[in-house]
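Topology and contacts: notes
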Amino acid sequence: MADKATRQAQRSPARRPRVRHNVTAAIGADICGGRFPPGTVLPRESDLCETYGVSRTVIRESLKVLETKGLVRGRPRVGTLVCDRSEWNVLDAQILEWMGPDVLSAELLGSILEARRTVEPAAAFLAASRATAQEIADLERACDDMGDAEGDLEAFTAADARFHETLLKASHNKVFHQLSSIIHAALSYALHASNRAAVKRDEALDVHRELVDALRLRDGARAETCSRHILDLAARDLSRLMGDAGDLKTN
């Protein structure tokens with residue numbers, strides 16, 4: 001009996017985080033999906049407990065997690081308010097997942113592209129003089145993997161994301177290096193969207209290879225130009241995906 005009780009005690013701490021994670025995801029998805037619109041107050045704790053079938057403790061812990069993501073905010077004597085979408089941490093991988101089809105909005109994809117236009121050409125220019133031989137080899141390997149992916153969109157996008165993250169790191173700029181981790185999820189979603197919309201991916205792959213060649217030759221101006229060309233292709237493909245180029249920020 002003692003051994004059984006011990007085993008149960010050892011298992012119970014492992015179950016609780018999964019329960020909290022599932023409830024956090026459920027509430028988060030309901031917020032992002034519009035069940036609880038921005039500006040509204042969430043139901044009382046007791047009602048949330050009944051809705052999601054968990055204790056008050058689990059609900060409170062889940063709401064704390066959602067608050068760190070900018071989805072909700074507790075207000076004394078009011079309750080838990082659903083924040084405006086502008087306050088959501090749209091670089092958070094879970095939020096992007098919970099947003100579902102909304103992640104393909106022109107506003108979000110345009111904002112990601114706008115940020116990339118600001119950062120990536122500068123990173124490419126710096127990488128031309130700072131990238132190590134290993135980093136250049138890693139970029140070339142990413143290109144090879146993109147080429148080998150052929151019709152596999154998921155594999156192509158994974159290699160594409162690895163290329164751009166490595167490029168930011170190869171700039172050896174501490175801020176750009178940190179950004180490579182912060183924007184990973186958003187970058188992956190944006191690349192997946194543009195790659196899916198591309199009629200063919202050979203053109204983009206050729207420019208990626210040209211950028212690697214520019215780094216190998218330590219040609220910063222050419223590397224920067226290649227980076228801008230890659231982003232122009234992404235803007236073109238995303239505009240095709242959205243069906244209306246005027247809705248997407250491309251400059």
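Shown above is the structure to which this text applies.
Notes on the structure in this doc start here.

Cut-offs used in this document
- Residues numbered from 1 in each chain as written.
- Predicted model: local features only at pLDDT ≥ 70, side-chain atom pairs only at ≥ 80, totals over all residues.
- Heavy atoms only, no water.
- Helix = DSSP H or I, 4+ residues; strand = E, 2+ residues; numbered from the N terminus.
- Axes fitted to C-alpha atoms, helices over the stretch in contact; angles between N-to-C directions.
- Parallel < 35°, antiparallel > 145°, perpendicular 65-115°, else oblique.
- Left-handed = near helix turned anticlockwise from the far one by under 90°.
- Contact = heavy atoms within 4.5 Å.
- Nonpolar A, V, L, I, M, F, W, Y, C, P; charged D, E, K, R; others polar.
- Pairing = 2+ DSSP bridges.
- Salt bridge = Lys/Arg side-chain N within 4 Å of Asp/Glu carboxyl O.
- Buried < 20%, exposed > 50% of the residue type's maximum accessible area, 1.4 Å probe, protein only.
- Expected span 1.5 Å × (residues − 1).
- Phe/Tyr/Trp six-rings, centres within 6.5 Å; stacked < 30°, edge-to-face > 60°.
- Lys NZ or Arg CZ within 6 Å of the ring centre and 35° of its normal.

1. Some details on the environment of Arg44
Assignment of secondary structure puts Arg44 in the loop between α1 (2-32) and α2 (45-52). Separated by 36 residues in sequence, Arg44 and Thr80 have C-alpha atoms that sit 8.4 Å apart.

2. Examining the packing of helix α10 (residues 202-216) against helix α11 (residues 220-242)
In contact at an axis separation of 8 Å, α10 and α11 are set at 165 degrees when each is read in the N-to-C sense. The orientation of α10 with respect to α11, classified from their angle, is roughly antiparallel. In terms of crossing hand, the pair formed by α10 and α11 is left-handed. Contacts from Glu203, Ala204, Val207, His208, Glu210, Leu211, Asp213, Ala214 and Leu215 of α10 reach α11 at Arg222, Ala223, Cys226, Ser227, His229, Ile230, Leu233 and Arg236.

3. Some details on the packing of helix α5 (residues 106-130) against helix α7 (residues 153-170)
Packing of α5 against α7 brings their axes to within 7 Å, and their N-to-C directions diverge by 60 degrees. As judged from the angle between their axes, α5 and α7 are oblique. The two elements α5 and α7 meet at a crossing, and its hand is left-handed. Residue-level inspection shows Arg116, Val119, Glu120, Ala123, Ala124, Ala127 and Arg130 of α5 in contact with α7, the latter providing His164, Leu167, Leu168 and Ala170. Here the residues of the contact of α5 with α7 are counted per class, giving seven nonpolar, one polar and three charged.

4. Section: the environment of Val207
As for its placement among the helices and strands, Val207 is situated in helix α10. For the pair Val207 and His229, spaced 22 residues apart in the sequence, the C-alpha separation amounts to 7.3 Å. What Val207 contacts, discounting residues up to four positions off in sequence, is Cys226, His229, Ile230 and Leu233.

5. Remarks on the pairing of strand β1 (residues 72-75)
The pairing of β1 with strand β2 (residues 79-82) spans four bridges and is antiparallel. Among the inter-strand pairings, Arg73 is bridged to a residue of β2, identified as Leu81. Hairpin geometry of β1 and β2 is characterised by an intervening segment of three residues between the two adjacent antiparallel strands and by a positive phi of about 60 degrees at Arg77.

6. Here's the deal with the pattern of salt bridges
Scanning the model with the defined rule gives 18 salt bridges in all. Where Arg228 meets Glu224, a salt bridge forms, and the shortest distance between an N and an O atom there is 2.9 Å. One end of the pair, Arg228, and the other, Glu224, are both in helix α11, four residues apart, so they sit about a helical turn from each other. Judged by its relative accessible area of 41%, Arg228 is partly exposed. By sharing partners, the salt bridges in this structure join Glu140, Glu210, Asp213, Arg216 and Arg222 into a single network.

7. Points about helix α9 (residues 184-197)
Count 3.6 residues to each turn of an α-helix, and residues three or four apart come out pointing the same way. Compared with the 20 Å implied by 1.5 Å per residue over 14 residues, the 20 Å span of α9 between its first and last C-alpha is a close match. Burial runs high along α9: ten of the 14 residues are buried.

8. Observations concerning the packing of aromatic side chains
Two descriptors summarise a pair of aromatic rings, namely the distance from one centre to the other and the angle between the planes of the rings. Applying the stated criterion across every chain, the model contains zero aromatic pairs. One cation-aromatic arrangement involves Arg201 over Phe156; the distance from NZ or CZ to the ring centre is 5.3 Å.

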